[in-house]
Amino acid sequence: MSGQPLPTPAEVAATHGWRRVLAFGAHPDDLDFGAAATVAGLTRAGVEVTYCVMTDGDAGGFEAEDHHTITTRRQQEQRDAAALLGVRDVEFLGERDGYLEPTHAVIEQVVARMRRHRPDAVLAMHPERDWDRLQRSHPDHLAVGEAVVRASYPAVENPFAYPRLAEQGLEAYRLPWLVLYGGPAARTNLVVDVTGAEQDKLRALRHHVSQHPDVPRMEAFVLRGMAELHRRWSGPGAAAGEDAPERYAEGFHLVAVNDASTISGF
Ligand SMILES: [Zn+2]
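The following refers to the structure shown. What you see is a predicted model, and the numbers here were worked out from it, not measured in a lab.

Details of the overall build of the protein chain
Okay, step 1: The helix and strand tally for the protein chain stands at 8 helices and 7 strands.
Okay, step 2: Relative to the 2.2 N^0.38 estimate, which gives 18 Å for 266 residues, the radius of gyration of the protein chain is 18 Å and therefore close to what a compact globule would have.
Okay, step 3: Reported as C-alpha extents along the three principal axes, the dimensions of the protein chain are approximately 60 × 55 × 35 Å.
Okay, step 4: Across the protein chain, contacts joining residues at least 24 apart in sequence account for 82% of those joining residues at least 6 apart.

Let's talk about the environment of Ala197
Okay, step 1: Tracing the backbone shows Ala197 in the loop between β6 (190–193) and α7 (198–206).
Okay, step 2: Using a count of 26 C-beta atoms within 10 Å as the deciding quantity, one classes Ala197 as buried.
Okay, step 3: Spatially, the C-alpha atoms of Ala197 and Ala249 are 9.6 Å apart, while their sequence positions differ by 52 residues.
Okay, step 4: When near neighbours in sequence (up to four residues on either side) are disregarded, Ala197 contacts Ala37, Ala40 and Gly41.

Here's the deal with the nonpolar core
Okay, step 1: In terms of nonpolar packing, the biggest core is built from 67 residues, with Ala23, Leu123 and Val144 touching the most fellow members.
Okay, step 2: In terms of residues, this core owes the most to one element, helix α2 (residues 30–44), which gives 8 residues.
Okay, step 3: Setting aside residues up to four positions removed in sequence, Leu123 forms contacts with Val21, Ala23, Phe24, Ala35, Val179 and Tyr181.

A look at the packing of helix α4 (residues 104–117) against helix α5 (residues 139–152)
Okay, step 1: Packing of α4 against α5 brings their axes to within 9 Å, and their N-to-C directions diverge by 60 degrees. Classified by the angle between their axes, α4 and α5 sit oblique to one another. In terms of crossing hand, the pair formed by α4 and α5 is right-handed. Judged by residue contacts, Val106, Ile107, Val110, Val111 and Met114 of α4 engage Ala147, Val148, Arg150 and Ala151 from α5.
Okay, step 2: For the contact of α4 with α5, the per-class residue count stands at 8 nonpolar, no polar and 1 charged.

A closer look at helix α3 (residues 70–84)
Okay, step 1: Here α3 contains 15 residues, and its C-alpha end-to-end distance of 21 Å stays within 8% of the 21 Å for a straight helix at 1.5 Å per residue.
Okay, step 2: When α3 is considered as a whole, its buried residues turn out to be Ile70, Arg74, Glu77, Gln78, Ala81 and Ala82. Buried residues of α3, seen end-on, are gathered within an arc of 130 degrees and therefore sit on one face of the element.
Okay, step 3: Looking at the buried side of α3, the elements it contacts are α2, β2 (48–55), β3 (89–95) and α7.
Okay, step 4: Phi turns positive one or two residues past the end of α3, at Gly86, with a value near 85 degrees.

Structural notes on the sheet that holds strand β5 (residues 177–181)
Okay, step 1: Read from one edge to the other, the open sheet built from 7 strands follows the order β3-β2-β1-β4-β5-β7-β6, with strand pairing classed as mixed. Two strands lie at the open edges of the sheet, namely β3 and β6, each paired on one side alone. Geometrically, the sheet is characterised by an average inter-axis angle of 25 degrees between neighbouring strands, direction not taken into account.

A few points about the packing of α2 against α7
Okay, step 1: α7 packs onto α2 with a crossing angle of 135 degrees between their chain directions and a minimal axis gap of 8 Å. In terms of orientation, α2 lies oblique with respect to α7. Crossing of α2 against α7: the hand is right-handed. Side by side, α2 and α7 meet where Asp32, Phe33, Ala36, Ala37 and Ala40 of the first sit next to Glu198, Asp200, Lys201, Ala204 and Leu205 of the second.
Okay, step 2: Grouping the constituent residues of the contact of α2 with α7 by class yields 6 nonpolar, no polar and 4 charged.

A word on α2
Okay, step 1: Here α2 contains 15 residues, and its C-alpha end-to-end distance of 21 Å stays within 8% of the 21 Å for a straight helix at 1.5 Å per residue.
Okay, step 2: At Ala36, α2 is deflected by roughly 70 degrees, the largest bend along its length.
Okay, step 3: Judged by how many residues are buried, α2 sits mostly within the fold: 13 of 15 residues are covered.
Okay, step 4: The positive-phi residue at the C-terminal boundary of α2 is Gly46, with phi of around 95 degrees.

Here we look at unusual backbone geometry
Okay, step 1: Residue Pro154 is reached from Tyr153 by a cis peptide bond, and omega for that bond is 0 degrees.
Okay, step 2: Its place among the elements puts Pro154 in the loop between α5 and α6 (163–167).
Okay, step 3: With phi around 105 degrees, Asp29 is a residue other than glycine that occupies positive phi space.
Okay, step 4: Inspection of the secondary structure puts Asp29 in the loop between β1 (20–25) and α2.
Okay, step 5: Taking the number of C-beta atoms within 10 Å as the measure of exposure, Asp29 has 24 and is therefore buried.
Okay, step 6: With a phi angle near 45 degrees, Tyr162 is a residue other than glycine that sits in the positive phi range.
Okay, step 7: Checked against the element boundaries, Tyr162 lands in the loop between α5 and α6.

Definitions and limits used
- Per chain, the residues get numbers from 1 upward, laid out in the order the sequence is written.
- For this predicted model, a pLDDT threshold of at least 70 governs which residues receive local features, and a threshold of 80 or more governs which side-chain atom pairs are given and counted, while totals over whole chains, interfaces and linings are taken from all residues.
- A helix here means a DSSP run of H or I that spans at least four residues, while a strand means a run of E at least two residues long, and both kinds are numbered starting from the N terminus.
- Throughout, the radius of gyration refers to the C-alpha atoms, and the reference size of a globule is 2.2 Å times the residue count to the power 0.38.
- Placing a C-beta atom from the backbone of each residue, one calls two residues in contact when those atoms lie within 7 Å.
- Using C-beta atoms placed from the backbone, we call a residue buried if 20 or more other C-beta atoms fall within 10 Å of its own, exposed if 12 or fewer do, and partly exposed for counts in between.
- In plain words, the nonpolar core is the set of buried Ala, Val, Leu, Ile, Met, Phe, Trp, Tyr and Cys residues that C-beta atoms within 7 Å link up.
- Helix axes are fitted only over the stretch in contact, all axes being lines through C-alpha atoms; the angle between N-to-C directions runs from 0 to 180 degrees.
- Working rule for angles: under 35 degrees goes down as roughly parallel, over 145 as roughly antiparallel, 65 to 115 as roughly perpendicular, anything else as oblique.
- A clockwise turn of the near helix away from the far one marks a right-handed crossing, whereas an anticlockwise turn of less than a right angle marks a left-handed crossing.
- Note that Gly is not counted as nonpolar here; it falls among the polar residues with everything else outside the nonpolar set of Ala, Val, Leu, Ile, Met, Phe, Trp, Tyr, Cys and Pro and the charged set of Asp, Glu, Lys and Arg.
- By this rule the span expected of a helix is its residue count minus one, scaled by 1.5 Å.
- Note that the arc is defined by the directions from the helix axis to the C-beta atoms.
- Whether two strands pair depends on DSSP finding at least two bridges between them.
- To get the bend at a residue, fit one axis to the 7 residues ending there and another to the 7 starting there, then take the angle between the axes.

From the geometry alone we can't say anything about function, so treat these as descriptive.
Next comes the structure, spelled out in structure tokens:
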């Protein structure tokens, strides 16, 4: 909308000084749907990205007969997809799929990981429901968003929150940035140009074979969404002729949790 070229993931990381990103999703494949192309751009720029998947993915898949193996299959799919994107590690919290709530037990686990990794930015699902496409707002997704936002302030930076974490040596930490994906379009305030990484996203999504009954349809949907977002945000100045190659974007709600101007009170 600005008419300015959209920033690349590398440019966003350089602008905000991101060297470490901790990324949360509810199910194996959420992070790849929401942010895989951006993640690929970040890791290529030298940013260290860790995934944390909060549920075991037990309610996914379409084949009833081998459902008992779905958790281990989905974890391996997520590890393979993450490795393709240059993600350093994938952690699984193992909460039950479909039952995630932002309880103190869950928030404490999020705080523990934030304090251990001390990321410059936390990438997570948006806690607000998208009424335009309800499927993006699975209750587990909203719960991830709510748990991560509650962990980001005040718990992660309050040394008296969940005191056994400090006893374990996990010191309080002031998180600079939250980057939320999958939220209502009206919240989008950061759109990154991921052109060149769109095929990485499709390759990552293809690893989640247990979840996609119709891969070509899924891929067309994902590509169209990224292209439409780029067109909408790049402004009339950037519109080229009909032969110009398609460009792609991913969108986020960027929240400054702590910057130089922040004063804190618990
Ligand atoms: Zn999901």
